[in-house]
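Below, each chain spelled out in residue letters.
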Amino acid sequence: MYTARVLGRRYVTRARDTVEVRVTRCLSSYIPGQYVRVYIECNDPKRFREMNITSLPEDEHLSFAFRVSDSIWKRAAMMLKPMDEVSIRGPYGLFLLPEEHARVAMLAHGIGITPFMSMIRHVVKTRMHEVALLYINHDRDHAPYIDELEHLVCSNFRLFEFFSNSLDIKEWIGDMQGDGIERWYISGEPRYVRAVRQLLVASGIDTARISVEEFSGYCP
Ligand SMILES: Cc1cc2nc3c(=O)[nH]c(=O)nc-3n(C[C@H](O)[C@H](O)[C@H](O)COP(=O)(O)OP(=O)(O)OC[C@H]3O[C@@H](n4cnc5c(N)ncnc54)[C@H](O)[C@@H]3O)c2cc1C
């Protein structure tokens, strides 16, 4: 268990329903795509929540982001002030980019963008991999990090924004298959991850090429 101090907090959607928290870098190393358990002093018997790391391993800070709710843990998280202490366990997880250069598709729904933020920042910085992100949200105001993602677009990072309540994404999947995508990554609430995975499999994509990160704890 590591101790970190809170550095600050900011909203990452215009609707102010998603918050990023920055804490001091307490882990000696982690890999983009991994998550930590963040422990906060509060009355919730489960004192932690799993949170994907949104920062880069070389950053001076460690950050994570969550959708605001009125759970005890999140209310305590919203009360954190600079210099307050939190405890961190980890890093955990095998939701990682390929080791060799690859053409990668990422599919994120809302808060499911968090592991991809660290991965995409890494990809843009190192120019390793070619990434196409399909980012699905109800509307722009509720899309975490959308302004930053638009700024990151470059020769090896393409962003496709899809504002809808439906999962009518078969055409995009077909286009990406035509582009020679080798690996497919899905992240977000379990219900969404499973539905998208089914669409990929129904499109003939080998399950060995699909990696998923399910945010269990959000309503299944
Ligand atoms: C690997 C991993 C990475 C994650 N990364 C992030 C992240 O980056 N950002 C983020 O916001 N969240 C992430 N989560 C989810 C996060 O840990 C919380 O579970 C989530 O944010 C909901 O927390 P809460 O305090 O709002 O709600 P809670 O009070 O925990 O509960 C929310 C709702 O879900 C129900 N519920 C709780 N636990 C379960 C369960 N196990 N199965 C079914 N229903 C349940 C509750 O009854 C309630 O209706 C991640 C989860 C995992 C497993």
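Residues numbered from 1 in each chain as written. Predicted model: local features only at pLDDT ≥ 70, side-chain atom pairs only at ≥ 80, totals over all residues.

Chemist: Whenever I open this one, the overall build of the chain confuses me. Can you help?
Modeler: Check the secondary structure of the chain and you find five helices and eleven strands. On C-alpha atoms alone, the chain measures out to a radius of gyration of 17 Å, which is about the 17 Å that the 2.2 N^0.38 rule sets for 220 residues. Viewed in the frame of its principal axes, the chain has a C-alpha envelope of about 50 × 35 × 30 Å. Looking at the chain as a whole, 35% of its 220 residues are labelled buried. Taking the contacts inside the chain whose residues are at least 6 apart along the sequence as the reference set, 75% of them involve residues at least 24 apart. (Helix = DSSP H or I, 4+ residues; strand = E, 2+ residues; numbered from the N terminus. Rg over C-alpha atoms; globule rule 2.2 N^0.38 Å. Buried ≥ 20, exposed ≤ 12 C-beta atoms within 10 Å, placed from the backbone. Contact = placed C-beta atoms within 7 Å.)

Chemist: It is not clear to me how the sheet that holds strand 10 (residues 183-188) should be interpreted in this structure. Could you clarify?
Modeler: What holds strands together in a sheet is hydrogen bonding between their backbones, with the strands either parallel or antiparallel. Within the open sheet, the five strands sit side by side as 9-8-7-10-11. Their pairing is parallel. With partners counted over all chains shown, the strands left at the sheet margins are strand 9 (157-163) and strand 11 (210-214), one partner each. Strand after strand, the sheet turns through a mean of 15° between neighbouring axes, direction not considered. Direction of pairing for strand 8 (residues 130-137) relative to strand 9: parallel, over a ladder of seven bridges. (Pairing = 2+ DSSP bridges. Axes fitted to C-alpha atoms, helices over the stretch in contact; angles between N-to-C directions.)

Chemist: Can you walk me through the site of the ligand in this structure?
Modeler: Taken together, 22 residues lie around the ligand, and F66, S69, S71, T114 and G217 are the ones closest in. The set of elements that each furnish at least two residues to the shell around the ligand consists of strand 4 (48-52), strand 5 (61-67) and helix 1 (72-79). A class-by-class count of the residues in the shell around the ligand yields eleven nonpolar, six polar and five charged. Summarising the domain contributions, the shell around the ligand has at least three residues from each of domain 1 (2-92) and domain 2 (103-214). (Near = placed C-beta within 6 Å. Nonpolar A, V, L, I, M, F, W, Y, C, P; charged D, E, K, R; others polar. Domains from an automatic or database assignment.)

Chemist: Explain the nonpolar core here, please?
Modeler: Across soluble globular proteins, nonpolar side chains show a tendency to be buried alongside one another. Core analysis: the biggest nonpolar cluster contains 53 residues, and F64, M106, A108, F116, I120, L133 and Y135 have the highest contact counts within it. Residue contributions to this core reach at least three from each of two domains, namely domain 1 (2-92) and domain 2 (103-214). The contacts of L133, once residues within four sequence positions are left out, are M106, A108, F116, I120, L159 and F160. (Core = buried A, V, L, I, M, F, W, Y, C linked by C-beta atoms within 7 Å.)

Chemist: Would you mind going over the sheet that holds strand 1 (residues 2-11) with me for this structure?
Modeler: With respect to topology, six strands assemble into an open sheet ordered 4-3-6-1-2-5, the strand pairing being antiparallel. Two strands bound the open sheet, and with one partner strand each, they are strand 4 and strand 5. Here the strands of the sheet are splayed against their neighbours by 40° on average, with no regard to which way each runs.

Chemist: How should the domain arrangement of the chain be read in this particular structure?
Modeler: A common measure of how large an interface is: the accessible area buried when the components associate. Annotation of the chain at the domain level lists domain 1 (2-92) and domain 2 (103-214). If you average the C-alpha positions of domain 1 and of domain 2, the two centres end up 23 Å apart. Partitioning the side of domain 1 that touches domain 2 into residue classes produces six nonpolar, six polar and three charged.

Chemist: I keep staring at the pairing of strand 2 (residues 18-24) and nothing clicks. Help me out?
Modeler: As a general feature of sheets, a regular strand has side chains that alternate between the two faces. Strand 2 sits mainly inside the fold: five of its seven residues count as buried. Two elements, strand 1 and strand 2, share five bridges in a ladder whose sense is antiparallel. Considered in strand 2, the bridge of G8 is made with R22. Between strand 1 and strand 2, which follow one another and run antiparallel, lie six residues, and R16 among them has a positive phi close to 55°.

Chemist: Is there a simple way to explain the environment of V153 in this structure?
Modeler: By secondary structure assignment, the location of V153 is in the loop between helix 3 (146-152) and strand 9. Once residues lying within four places of it in the same chain are set aside, the contact partners of V153 are R158 and L159.

Chemist: What exactly am I supposed to notice about unusual backbone geometry here?
Modeler: Both trends apply: most residues other than glycine have a negative phi, and most peptide bonds are in trans. Of the consecutive residues G90 and P91, the connecting peptide bond is found in the cis state with omega at 5°. As for its position among the elements, P91 is in strand 6 (residues 85-92). Backbone geometry places R16, a non-glycine residue, at a positive phi of 55°. Topologically, R16 is positioned in the loop between strand 1 and strand 2.

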